[in-house]
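Secondary and tertiary structure notes
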Amino acid sequence: MAPSRRKLHETVEATLTPPNTLAASQVIARVLKAEGNNLYSVELPSGAKLLVELPARFRSTIWLKRGGFVVVDTQALAGRDNKLGGEITNVVRDERQWRKESYWPGEFAKRRAVEASGSDTSPLGKLPPSNEDDEERARKAEEELGESR
């Protein structure tokens, strides 16, 4: 049976606004991959990878995508003896608003497009060399070849 509309709207509203503070056991993580059966691989700001569970209140209501962010409670499943590292307690839907909060990790700072493209040696977005450059290179190569003979 599907959840009532009231519960659905409550869940959606709860994920829109970020909380004022996070608990000590809560951390923001990036979703890497859906593992199946409501299990997800996430990456913590420290670079560690965890397997976390999506609670029933989010199932069939909120969908997570790769590269999205979630709030993970690492102590929620501490009493269970399994390989789960935590439970998703909130889903970041309005990322812009969440990034303004003081607890947003610096490791997940948004990179600018120029920085993300790599170093200046990348030919992406650059013009090919002009004919003058080609002619100059050919002349230098001929001179070097003539000197070596």
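Residues numbered from 1 in each chain as written. Predicted model: local features only at pLDDT ≥ 70, side-chain atom pairs only at ≥ 80, totals over all residues. Heavy atoms only, no water.

To continue, consider the environment of Ala76. In this structure, Ala76 sits in the loop between β4 (69–73) and β5 (86–91). Under the relative-accessibility criterion, Ala76 is labelled partly exposed at 36%. (Helix = DSSP H or I, 4+ residues; strand = E, 2+ residues; numbered from the N terminus. Buried < 20%, exposed > 50% of the residue type's maximum accessible area, 1.4 Å probe, protein only.)

Let us now look at the nonpolar core. Ranked by size, the top nonpolar core spans 14 residues in total, and within it Tyr40, Val42, Leu64, Val70, Ile88 and Val91 carry the most contacts. Broken down by secondary-structure element, the contributors of at least two residues to this core are β1 (26–36), β2 (39–43), β4 and β5. With residues near it in sequence (within four places) discarded, Ile88 still touches Tyr40, Val52, Glu53, Leu54, Pro55, Phe58, Leu64, Val70, Val71 and Val72. Core analysis: the next-biggest nonpolar cluster, separate from the first, contains 8 residues, Val71, Tyr103, Trp104 and Phe108 among them. (Core = buried A, V, L, I, M, F, W, Y, C linked by side-chain atoms within 4.5 Å. Contact = heavy atoms within 4.5 Å.)

Residues other than glycine predominantly adopt negative phi, and peptide bonds predominantly adopt the trans conformation. The backbone of Asn38 shows a phi angle near 60 degrees, a positive value even though the residue is not glycine. Its location among the elements puts Asn38 in the loop between β1 and β2. On the basis of relative accessibility, which here comes to 29%, the residue Asn38 falls in the partly exposed class. The residue Ser60 is not glycine, and still its phi comes out positive at about 60 degrees. Mapped onto the secondary structure, Ser60 falls in the loop between β3 (49–53) and β4. Owing to a relative accessible area of 60%, Ser60 belongs among the exposed residues under this scheme.

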